[in-house]
Amino acid sequence: MKILHVDNVSIAYDQNEVVTQASFELDKGEIGCLLGPSGCGKTTLLRAIAGFEPITHGSIKLVDTTVSNVGYTMPPEKRNIGMVFQDFALFPHLTIAENIGFGIRHLSKKDKSERIKQLLELINLQDYGSRYPHELSGGQQQRIALARGLAPKPDLLLLDEPFSSMDAELREELAREVRSILKHENITAVLVTHDQNEAFAMADSIGVINQGKLLQWGSGYELYHEPESLFVADFIGSGVFIDGEVMEGNVIKTSLASLEGISPPECKPGCKVKVLVRPDDIVHDDCSPRKAKIVSRVFRGANNLFTLEMEDGTQLLSLVHSHHNHEVGEELGIIMEFEHLVVFPDKPQ
Ligand SMILES: Nc1ncnc2c1ncn2[C@@H]1O[C@H](COP(=O)(O)OP(=O)(O)OP(=O)(O)O)[C@@H](O)[C@H]1O
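Throughout, a residue's number is its position along its own chain's written sequence, starting from 1. The predicted origin of the model limits local features to residues at a pLDDT of at least 70 and limits the giving and counting of side-chain atom pairs to 80 or more, whereas totals for whole chains, interfaces and linings rest on all residues.

As for the overall build of the chain
Then step 1. Broken down by element type, the chain carries eight helices and 21 strands.
Then step 2. Seen along its three principal axes, the alpha-carbon backbone of the chain occupies a region of about 75 × 50 × 35 Å.
Then step 3. Put simply, the chain has 349 residues, and 36% of those count as buried.
Then step 4. The contact criterion used is a C-beta to C-beta distance within 7 Å, with each C-beta placed from the backbone. Counting only contacts in the chain whose residues sit at least 6 apart along the sequence, the fraction spanning at least 24 positions is 64%. Here a helix means four or more residues in a row that DSSP labels H or I, a strand means two or more in a row labelled E, and each is numbered from the N terminus. Working definition of burial: number of other C-beta atoms within 10 Å of the residue's own, with buried at 20 or more, exposed at 12 or fewer, and partly exposed in between, all C-beta atoms being placed from the backbone.

Listed below in structure tokens is the structure:
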């Protein structure tokens, strides 16, 4: 069952269009994410879904009701939507239990306290109901904000950069935890973030936005392995582009090798193309006759990310298990393992 339909939505501030014809849908219980660089329009789209911004094109439907179209914006309080913000926005003078119960004041005392107890257990803070927000850590406060958003059982939960004030490690841990809480409650949610690790840790589907355009909507795997544009290929994960030329028979000639793969339909033999090379396409193998010089190394715990230089000056990245302790300046044996090629025409998109 579809819960959210965002259909060709455009949004403008004073004639200045900041979101252009964005479309995506979410099923019941699906977690979607709007991911993109600062200023790309993701918060504006989230605010339009919440009902804080009117739209200038298209429509937004929540369950079976059109909540926004051109000339009509159902007010936020009429939409059954919960929100969690980056600054938590907990009420400092209310206890944790009172904060969680704020949106369900209409329930009977018994139902309300049962729901609060259930949510405190769900976020694993069962003993904190009588405390005040300032007595809790940032991560605990954010879990309370989540419980408050979930309390009225909204059709849709919107999360705007909910972990941005936390350090990277806690952010990913909390993202995983919040995902399992949302899945437990079977809540449909939209997360806004500029952090792809957070998006990968939490979302089922991710939409990459740049300059107001939703360029691609798909799973983390699809965005990483099957990017449809240079921007998405560059923005998601790391990698380099190498120059290539399309040959007959699905072959692309590059300075590294002649590679087999499908080129975009508009790229006929003779066309210049860019081929994406991910760090996991370049595999370390001491026995390989192909060598590359290590020009830099970033230690990443389980792996090292090496920047390698080939004889002709082409630079590549390679992710190598960190027990292979090679130093900058050494020659590293490599083999190329492309599962499938990602190729773009060599022209600005
Ligand atoms: N109230 C407003 N009035 C006019 N322009 C605005 C307003 N809010 C945002 N903008 C502009 O709209 C564009 C999109 O902003 P938005 O906040 O949606 O981006 P964002 O992707 O969420 O960025 P960030 O990650 O930095 O929050 C930006 O160019 C911004 O300057």
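Picking up where we left off.
Considering the site of the ligand
Then step 1. We count a residue as near a molecule or strand when its backbone-placed C-beta atom lies within 6 Å of that partner. All residues adjacent to the ligand are Tyr13, Val18, Gly36, Ser38, Gly39, Cys40, Gly41, Lys42, Thr43, Thr44 and His194.
Then step 2. In terms of residues, the shell around the ligand owes the most to one element, helix α1 (residues 42-50), which gives three residues.
Then step 3. Throughout this entry, Asp, Glu, Lys and Arg are counted as charged residues, while Ala, Val, Leu, Ile, Met, Phe, Trp, Tyr, Cys and Pro are counted as nonpolar. The remaining residues, Gly among them, count as polar. In the shell around the ligand, the residues fall into three nonpolar, seven polar and one charged.

What about helix α4 (residues 138-150)?
Then step 1. A helix's residues, less one, multiplied by 1.5 Å, set its expected span. Between its terminal C-alpha atoms α4 stretches 18 Å, which fits the 18 Å expected from 13 residues at 1.5 Å a residue.
Then step 2. For α4, the buried fraction is high: ten of the 13 residues fall into the buried class.
Then step 3. Considered for burial, the residues of α4 that qualify are Gln141, Gln142, Arg143, Ile144, Ala145, Leu146, Ala147, Arg148, Gly149 and Leu150.
Then step 4. Those residues of α4 that are buried are in contact with β7 (81-84), α2 (96-101), α3 (109-122), β8 (156-160) and α5 (168-185).

Topic: the sheet that holds strand β4 (residues 57-62)
Then step 1. The criterion for strand pairing is that DSSP finds at least two bridges linking the strands in question. The five strands lie next to each other as β2-β1-β4-β5-β6, forming an open sheet whose pairing is antiparallel. Pairing within the sheet leaves two strands with one partner each, and these edge strands are β2 (16-27) and β6 (72-73).
Then step 2. Pairing geometry for strand β1 (residues 2-13) and β4, over five bridges, is antiparallel. The residue of β4 that forms the bridge with Leu4 is Leu62.
Then step 3. Interaxial angles span 0 to 180 degrees and are taken between N-to-C directions of axes, which are lines fitted to C-alpha atoms, for helices over the stretch in contact. Together, β1, β2, β4 and β5 (65-69) form the strand contacts of α1, whose direction differs from that of β1 by roughly 120°.

What to know about the domain arrangement of the chain
Then step 1. One can read the domain layout of the chain as domain 1 (2-234) and domain 2 (238-345).
Then step 2. Segmentation into domains, and thus their bounds, comes from an automatic or database assignment. Just the C-alpha atoms count here: the centres of domain 1 and domain 2 sit 37 Å apart.

Some words on the pairing of β4
Regular strands place side chains that alternate from one sheet face to the opposite one.
Then step 1. Pairing of β4 with β5 involves four bridges; the strand directions are antiparallel. Counterpart to Ser59 in the pairing with β5 is Asn69.
Then step 2. The antiparallel hairpin formed by β4 and β5 contains two residues in its connecting segment, where Val63 sits at a positive phi of about 55°.

Regarding the sheet that holds strand β11 (residues 213-218)
Then step 1. Ordered by their spatial adjacency, six strands build an open sheet running β7-β8-β9-β3-β10-β11, and the pairing between neighbours is mixed. Lying at the two open borders of the sheet, with one neighbouring strand each, are β7 and β11. Here the strands of the sheet are splayed against their neighbours by 20° on average, with no regard to which way each runs.
Then step 2. In this sheet, strand β9 (residues 188-193) lies alongside strand β3 (residues 31-35) in parallel orientation, the contact comprising five bridges. The residue of β9 that forms the bridge with Cys33 is Leu191.

Topic: the environment of Val240
Then step 1. Relative to the elements of secondary structure, Val240 occurs in strand β12 (residues 240-247).
Then step 2. By C-beta crowding, Val240 is classed as partly exposed, having 18 other C-beta atoms within 10 Å.

Let's talk about the confidence of the model for the chain
Then step 1. Every residue is assigned a pLDDT by the predictor, reflecting its confidence on a scale from 0 to 100. Averaged over every residue, the pLDDT of the chain is 91; residues scoring 70 or more account for 99%.
Then step 2. With pTM at 0.87, the complex prediction returns an ipTM value of 0.94.

Looking at the environment of Leu316
Then step 1. Of note, Leu316 is situated in strand β19 (residues 315-321).
Then step 2. Placed 39 residues apart in sequence, Leu316 and Val277 show a C-alpha to C-alpha distance of 7.3 Å.
Then step 3. Leave out the neighbours within four places in its chain, and Leu316 touches Val240, Val277, Ile282, Ala292, Leu308 and Met310.

A closer look at α5
Along an α-helix, residues three or four positions apart point the same way, because every turn accommodates 3.6 residues.
Then step 1. Between the first and last C-alpha of α5 there are 26 Å, a value that for 18 residues agrees with the 26 Å anticipated at 1.5 Å per step.
Then step 2. What α5 keeps buried is the set Arg171, Leu174, Ala175, Val178 and Leu182. End-on view of α5: buried residues confined to an arc of 110°, all on one side of the axis. Exposed residues lying more than 90 degrees from the buried face of α5 are Glu169, Ser180 and His184.
Then step 3. For α5, the elements touching its buried residues are β3, α4, β9 and α6 (196-202).
Then step 4. Phi turns positive one or two residues past the end of α5, at Asn186, with a value near 55°. Each C-beta atom gives one direction from the helix axis, and the arc is the one those directions make.

Quick word on unusual backbone geometry
Then step 1. Residues other than glycine seldom take positive phi values, yet Asp14 does so here, at roughly 45°.
Then step 2. Relative to the helices and strands, Asp14 resides in the loop between β1 and β2.
Then step 3. Note on Asp14: 4 C-beta atoms within 10 Å, which makes it exposed.
Then step 4. Even without being a glycine, Asn186 presents a positive backbone phi close to 55°.
Then step 5. Given 10 C-beta atoms within a 10 Å radius, Asn186 is considered exposed.

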